Amino acid sequence: MFIQTKKGLPFKHAGSVHAFDKEMAIQNARDLYTRRGEGRGMWVVPADAIVAVDPSDDESFFDPSNDKIYRHPTFYELPEGIKNM
Amino acid sequence: MERLDLSKFCIRLGDSCLIMAHRQSEMCSKGPFLEEDIAQTNLGLDLLGQAEALLIYAAKLEGKGRTADDLAYKRPERHYYNLLLTEQPNTDFAFVTVRQYFMSVYLVKVFEKLATVNDEVISGVAAKGLKELKYHLRHYKMWLVRLGDGTEESHQRMQTAVNELWMFVGELFEEDDNDRLMVEEGYKFSGAEMKSYWTDIVLSDIQEATLTVPESDYALTGSKKGIHTEYLGYMLTEMQYLQRAYPDAKW
């Protein structure tokens with residue numbers, strides 16, 4: 001279950017729900033996760049449709065980037081007025 | 001000609017919302033699974049909010065110094081005016097579904113009309129409530145179809161609930177003099193209009209759920225005069241216990 005807090009922002013994972021089909025999934029997600037004004041957009045995706053990295057593969061997926069700080073745009077000054085980057 | 005009594009109208013509608021809210025609150029911790037349990041109490045809180053707003057306004061219009069809490073917790077059974085359908089017990093999940101579904105179809109129409117009236121309090125309460133009630137209708141229609149067109153047992157239970165609750169439907173379209181004045185002033189659909197709206201929607205959904213409605217149109221009524229089925233007294237005993245045991249308790 002993914003929530004978008006404002007139009008234009010990315011959807012973020014918020015949690016899980018149980019359901020038998022799409023309509024029940026979106027209703028259950030609404031009743032569990034959007035009761036307090038958390039968002040304006042919502043996706044619910046079946047867990048088996050998500051491809052995840054096996055934790056045992058962490059090293060080869062994530063570690064090679066550790067020594068490549070030049071990939072971060074930290075050497076640029078952000079222009080004023082940019083809010084979401 | 002009799003004068004229009006807006007306070008009475010608000011009390012009747014507020015009482016129906018309040019009693020529905022209480023029936024929903026009784027489902028807390030008894031839902032068939034966690035998500036639905038939370039949904040049930042959520043919907044109950046929506047109805048409680050609508051009841052509170054309507055009873056606050058009713059008390060103000062009445063002008064006798066009573067508060068919404070006085071109305072909710074200090075009236076005996078014979079001074080309650082909720083529709084008989086709303087007080088019918090949570091016999092099983094099928095009864096909860098059919099009762100709240102029938103009422104949701106009705107309340108969406110009631111609130112749609114109220115959202116257009118030239119009274120800021122009423123139209124404000126109705127506009128807010130309408131957003132909530134449209135979801136109630138969506139939620140209970142989903143269960144109506146899912147369980148009606150489900151297993152042999154779920155179908156049977158749903159059909160039983162429809163059969164047992166059907167005699168309380170006629171009261172939704174009943175009118176007394178005050179209702180007729182409210183219709184003239186544009187606060188309400190007439191009983192005939194409401195019956196036609198309600199029946200069209202319900203018959204189509206019932207058919208989708210592979211259920212049928214009883215042929216008899218016998219209707220048990222009485223709530224407009226404060227006459228209730230045996231169930232309301234038990235509900236009020238529980239609901240009003242704290243105020244009766246510790247009058248005006250503060251927390």
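Check the entry above for the structure.
Our subject in this report is the structure included herewith. Quantities reported herein were computed from a predicted structural model and do not represent experimental measurements.

Helix and strand counts for chain B come out as ten helices and zero strands. Secondary structure of chain B in N-to-C order comes out as α-α-α-α-α-α-α-α-α-α. The globule rule puts the C-alpha radius of gyration for 251 residues at 18 Å, and the 18 Å found for chain B is close to it. By its C-alpha atoms, chain B is 55 × 45 × 30 Å across when sized along the principal axes. Looking at chain B residue by residue over its 251 residues, the buried ones come to 40%. Taking all contacts inside chain B whose residues are at least 6 apart in sequence as the whole, residues at least 24 apart take part in 75%.

Moving on: helix H1 (residues 6-25) of chain B. A rise of 1.5 Å per residue sets the reference length of H1 of chain B, with its 20 residues, at 28 Å; its end C-alpha atoms lie 28 Å apart and thus fit the reference within 8%. Counting buried positions along H1 of chain B gives 17 out of 20 residues, so the element sits mostly inside the fold.

A separate point is the sheet that holds strand E3 (residues 41-43) of chain A. Strands belonging to one sheet form pairs held by backbone hydrogen bonds; the direction of such a pair is parallel or antiparallel. With respect to topology, three strands assemble into an open sheet ordered E2-E1-E3 (chain A), the strand pairing being antiparallel. Looking at which strands have only one partner, the edges of the open sheet turn out to be strand E2 (12-13) and E3 of chain A.

This part takes up the nonpolar core. Within soluble globular proteins, side chains that are nonpolar generally end up buried alongside one another. All names here are of chain B. Leu54, Val98 and Phe102 are the most contacted members of the largest nonpolar core, which has 69 residues in total. Among the elements of the structure, H1, helix H2 (34-62), helix H3 (68-73), helix H4 (93-114), helix H5 (120-148), helix H6 (152-165), helix H8 (191-208) and helix H9 (231-239) are those that each provide at least two residues to this core. The greatest single-element share of this core, amounting to 14 residues, is contributed by H4. The residues touching Leu54, leaving out its near neighbours within four places in the chain, are Cys10, Leu13, Gly14, Cys17 and Val125.

Accessible area lost on assembly of the parts is the figure often given for the size of an interface. If you look at the interface, chain A gives nine residues, while chain B gives seven residues. Looking at the side of chain A that touches chain B residue by residue, the class counts come to three nonpolar, three polar and three charged.

Rules used throughout
- Residues numbered from 1 in each chain as written.
- Chains lettered and ligands numbered in written order.
- Predicted model: local features only at pLDDT ≥ 70, side-chain atom pairs only at ≥ 80, totals over all residues.
- Helix = DSSP H or I, 4+ residues; strand = E, 2+ residues; numbered from the N terminus.
- Rg over C-alpha atoms; globule rule 2.2 N^0.38 Å.
- Buried ≥ 20, exposed ≤ 12 C-beta atoms within 10 Å, placed from the backbone.
- Contact = placed C-beta atoms within 7 Å.
- Expected span 1.5 Å × (residues − 1).
- Pairing = 2+ DSSP bridges.
- Core = buried A, V, L, I, M, F, W, Y, C linked by C-beta atoms within 7 Å.
- Nonpolar A, V, L, I, M, F, W, Y, C, P; charged D, E, K, R; others polar.

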